[in-house]
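Summary of the model geometry
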Amino acid sequence: MIDLGRLAAGDVLVPAGAAAPVAFAAEELAAYVGRLFPATPARRPVAAPGGDWLALVPSGAPMPPLPELPADAEWVVRPANGGAVLRGTSPRATLAAVYALLRAAGCRWSPHGRDDELVPAGAGVAALTGRPAFARRVYVADLGTWHYTVPERLAARLPHDVAFIDWMAKCDATGFLFIRHANDTQWTVPELLPELARRGLAIEGGGHALVELLPRSLFASHPEYFPLAATGRSDLGNACVSSPDAVALIRERATTARAEIPGATDFHLWGLDLFGGGWCTCPGCASLTPSDQSLVACNAAAEAMGGGRIFHLAYHDTIEPPARIAPHPHVWAEFAPRERCYGHALDDPGCATNAVYRRALDAHLERFAGRVDVFEYYGDAILFGGCAVPLVDVIGRDLECYRAAGVRGVSCLVFGQYSTWAYGVNVEAFARGTIDPRDAAGARTERASRRFAPAGDAMVRYLAALEDAMVGVVRHGDVLLPPDDAPTRAGVEAALGREAELRRLLADARAAGAPPARIAAEEHLLDYTVAVLAALRDWLRRRDRADAERALAALAATIAHVHAADPDVIGTWGAHDLELTHHFFVNALRAR
Ligand SMILES: [Zn+2]
Ligand SMILES: [Zn+2]
């Protein structure tokens, strides 16, 4: 056992000239041990050995020998000479070892930040080994959600991001991906890069970036670079990959783009965020599927970049693997099954929708020789229409399915504070599941007891009932675009049938002494969710145009429930973006 209580009065040994994340790890170790126990260890530099390690020893004791790192481990924590040695495969992994030791001693972290973390009286700890289920464990957000051209919105959001990044490191995440879209003007949020770098977290960039790599301004002089659509060449789509000059330009500009992202080694090279219509039908491209065309661009970039990975996106019209083009060895598939069913796990034999995606995943694993990561939507406020959709059980089963299938990395899309409000339990389940899928289910209890004590048990019952109630609402892609069919109507009505039960469970949690502000936030979210479902039910039951318009007006009015919640809870996305997505969905429904 590691007697942390005694070692609190000792020293944290730090390799002289340690990398910034290792020095940060030493600071964090000393600070949290000092909160767990009555004493704070002193930091003491040691000339040798160099590398990625820290030790906690009795005061004045010499450096113990470094432990072996098993080949399949990212980090180890081992008792040694009355102290403990922490060793990682990287500076980031050394920081992860510190947090694992502190977690084993009783600390609990929160994506909401340090106000919501638990640092109890500490306990001793046995040896620990970091063997995460996935090698790449990443959170993702769209750059547009930062509103970086509006300084006060950006400033309002950044403190939450800093807390979130701190939590990511504490949960052994490996990096953050910034997604660029056609209307973006930058690759990252520069204000956040120091927070990622000092924890050794990878900065990943790219996204729906082909527009940036093949500038639309070239259309006038070189229409042949651009895809041939039914109406002729068009600068609205991706590229004509049969044009060697267009491909050369994409290759060159992708290399430059990656170099502009500080510290980036990988690049995500995706087409436009379209559901078809972005690829080319010229004689040279006609025999290539959208996946093949996308892969031609990725292969070219991979050749030019030498090292690092290029991520090809399997999504929408590229969800099937490339048929004719073979991937370059540095090209990985990023499998993003957005229109899958979230009412069932991906490998649930009872789900016909997911069977298609499960087969497509296997086909990618084969085509890319196992170089496949999964991009998941467990925190997606657009897909779930901003409604409360806990998915703890599905996330655990999905991640086990992905791990068993041979998927090497996983990422989770988030929308700032809104996602830690409406999908907080999902984000925590994902974090746990990336290390061990069997642990994902524990997120419900950990979050409920941490945030809602003394009403933890009541909140567990509420979250479980809500998860069960929403199963029939999340089977078809966007919650706010329900298909006009009987199973969808039944799913929405079944969820509404649980309203009284859900309200009673939440009232039970309030009565059991849950913090009033946190319960109030949950109540606003439930009000919003129920109001959205009622509007969707009415829309699905419409008999005429007037019925439809009344339902759409009711849907638009649901935003008031979100705006009634604390601005710090709903974040800039809840304050500004949800309404825009509602406009989009209302128009799409009206056009049916
Ligand atoms: Zn073409
Ligand atoms: Zn299903």
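Look up: the structure comes first, before these words.
Residues numbered from 1 in each chain as written. Chains lettered and ligands numbered in written order. Predicted model: local features only at pLDDT ≥ 70, side-chain atom pairs only at ≥ 80, totals over all residues. Heavy atoms only, no water.

Let's talk about the coordination of the zinc ion (ligand 1)
Looking at the zinc ion (ligand 1), one finds its protein donor set to be Cys 240 (SG), Cys 280 (SG), Cys 282 (SG) and Cys 285 (SG), positioned 2.2 to 2.3 Å from the metal centre. Here the zinc ion (ligand 1) is ringed by four donor atoms whose angles at the metal span 105 to 114 degrees, and the overall shape comes out tetrahedral. Between consecutive donors of the zinc ion (ligand 1), the numbers of intervening residues give the motif C-x39-C-x1-C-x2-C. Of this pair, Cys 240 sits in the loop between strand 11 (232-233) and helix 7 (244-260) while Cys 282 sits in the loop between strand 12 (267-269) and helix 8 (290-305); the two residues are 42 residues apart in sequence, bridging distant segments of the chain. (Donors = N, O, S within 2.8 Å, 3.2 Å for Na, K, Ca; no water. Tetrahedral: all angles 85-135°; square planar, octahedral: opposite > 155°, others 65-115°. Helix = DSSP H or I, 4+ residues; strand = E, 2+ residues; numbered from the N terminus.)

With respect to the environment of Ala 25
Along the chain, Ala 25 turns up in helix 2 (residues 20-36). Sequence separation between Ala 25 and Thr 581 is 556 residues, and the spatial gap between their C-alpha atoms is 40 Å. Leave out the neighbours within four places in its chain, and Ala 25 touches Leu 54, Leu 95 and Val 98. (Contact = heavy atoms within 4.5 Å.)

Some details on the layout of surface pockets
When its volume is computed, the largest pocket comes out at roughly 1,200 Å³. As for the largest pocket, its lining consists of 40 residues, and the residues nearest its centre are Asp 142, His 181, Asp 273, Ile 382 and Thr 581. If you tally residues by element for the lining of the largest pocket, the top one is helix 20 (residues 567-590), at six residues. Looking at side-chain class alone, the lining of the largest pocket contains 20 nonpolar, 12 polar and eight charged residues. Counting only domains with at least three residues in the lining of the largest pocket, you end up with domain 2 (136-442) and domain 3 (456-590). (1 Å grid on protein atoms, 1.4 Å probe; cavity = no way out; pocket = protein on both sides within 12 Å on 5 of 7 lines; lining within 4 Å. Points joined across faces, edges and corners; volume = space filled by probe spheres on them. Nonpolar A, V, L, I, M, F, W, Y, C, P; charged D, E, K, R; others polar. Domains from an automatic or database assignment.)

Focus: unusual backbone geometry
With an omega of -5 degrees, the peptide bond running from Ala 48 to Pro 49 counts as cis. Along the polypeptide, Pro 49 turns up in the loop between strand 2 (42-46) and strand 3 (53-57). Here Asn 81, not a glycine, exhibits a phi torsion of approximately 50 degrees, which is positive. Position of Asn 81 relative to the elements: it lies in the loop between strand 4 (75-80) and strand 5 (83-88).

Digging into the sheet that holds strand 8 (residues 175-179)
Spatially, the eight strands close up into a barrel ordered 7-8-9-12-13-14-15-16, and their pairing is parallel. Ignoring which end each strand starts from, the neighbouring axes of this sheet average 25 degrees apart. (Pairing = 2+ DSSP bridges. Axes fitted to C-alpha atoms, helices over the stretch in contact; angles between N-to-C directions.)

Notes on the packing of aromatic side chains
Enumeration over the complete set of coordinates arrives at 22 aromatic pairs. Consider the rings of Phe 375 and Tyr 377, whose centres lie 5.1 Å apart with planes at 50 degrees: the pair is tilted. When its relative accessible area of 3% is taken as the criterion, Phe 375 is described as buried. Using a relative accessible area of 4% as the deciding quantity, one classes Tyr 377 as buried. (Phe/Tyr/Trp six-rings, centres within 6.5 Å; stacked < 30°, edge-to-face > 60°. Buried < 20%, exposed > 50% of the residue type's maximum accessible area, 1.4 Å probe, protein only.)

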